[in-house]
Amino acid sequence: MSQKTMEVVKNLDIEKYMGRWYEIASFPSRFQPKNGVNTRATYTLNEDGTVHVLNETWSDGKRGYIEGTAYKADPKSDEAKLKVKFYVPPFLPIIPVVGDYWVLYIDDDYHYALIGQPSRNYLWILCRQTHMDDGIYNQLVQKAEAVGYDVSKLHRTPQSDSPPEGEDTPKDTKGIWWIKSVLGL
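Residues numbered from 1 in each chain as written. Predicted model: local features only at pLDDT ≥ 70, side-chain atom pairs only at ≥ 80, totals over all residues. Heavy atoms only, no water.

A. Main features of empty space enclosed by the protein. Counting across every chain of the model gives one cavity of 30 Å³ or more. Considering only enclosed or pocket space, the largest cavity measures out at about 50 Å³ in volume. Considering the residues around the largest cavity, the lining is formed by Ile14, Tyr17, Met18, Tyr43, Val51, Ala70, Leu82, Val84 and Tyr101. (1 Å grid on protein atoms, 1.4 Å probe; cavity = no way out; pocket = protein on both sides within 12 Å on 5 of 7 lines; lining within 4 Å. Points joined across faces, edges and corners; volume = space filled by probe spheres on them.)

In structure tokens, the structure reads:
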């Protein structure tokens, strides 16, 4: 069975996209702890036009995070096809890992977004708030399914009404969450 062509957002307003996004749901990934909560991403525009990426999650009460850089896959294209580069492991960043980050849908007010990539192995539903209306969530799930995602793999990410602030919580200084994630624990 052939998959429907995956269209991406065109003319993404990168400045409007900056800021904090909460993960409402995602496909489980070996790069995130299975028991992660309050997962979020914060994007900051760099002077050179690239984007600083800070991904955070809390596992067993400790903050795990990884930082990276996002950039347009094709600087001449108007499509929201980005590449994201992280160095792993986060506690000793020596190995570059680059992945696709395609903005498949974003609402006009930039309050929620559907993020995927061409292999359809990763999918994220993001929101500016910690919680999303079920109707909007279901619309985003339908959009993902329409372009060939197996949405049965989506996992809702637990979010607190008052999410923790990064610097005020204990840190996973040894990268235990990352090691456990890679080992599938």
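B. Region of interest: the nonpolar core. Core analysis: the biggest nonpolar cluster contains 24 residues, and Tyr17, Tyr43, Tyr101, Val103 and Ile106 have the highest contact counts within it. The contact partners of valine 103, leaving out residues within four places of it in the chain, are Val8, Val9, Leu12, Tyr17, Ala80, Leu114 and Ile115. Judged by nonpolar contacts, the second largest core, of 21 residues, contains Ile24, Phe27, Leu104 and Tyr137. (Core = buried A, V, L, I, M, F, W, Y, C linked by side-chain atoms within 4.5 Å. Buried < 20%, exposed > 50% of the residue type's maximum accessible area, 1.4 Å probe, protein only. Contact = heavy atoms within 4.5 Å.)

C. Looking closely at the side chain of glutamate 56. Tracing the backbone through its elements, the reader meets glutamate 56 in strand β3 (residues 51–59). In terms of polar contacts, glutamate 56 uses its side chain to reach the side chain of arginine 63, at 2.7 Å. (Helix = DSSP H or I, 4+ residues; strand = E, 2+ residues; numbered from the N terminus. Polar contact = N/O pair within 3.5 Å; in protein donor to acceptor, adjacent residues only side chain to side chain.)

D. Here's a closer look at a nonpolar patch on the surface. On the surface, a nonpolar cluster with roughly 350 Å² of combined accessible area is contributed by Leu92, Ile94, Ile95 and Val97. With respect to the helices and strands, leucine 92 occurs in the loop between β5 (81–88) and β6 (95–106). (Patch = residues over 30% accessible without salt bridge, like charges linked within 9 Å, V, L, I, M, F, W, Y side chains within 5 Å. Areas by Shrake-Rupley, 256 points an atom, 1.4 Å probe, with all protein chains shown as cover. Salt bridge = Lys/Arg side-chain N within 4 Å of Asp/Glu carboxyl O.)

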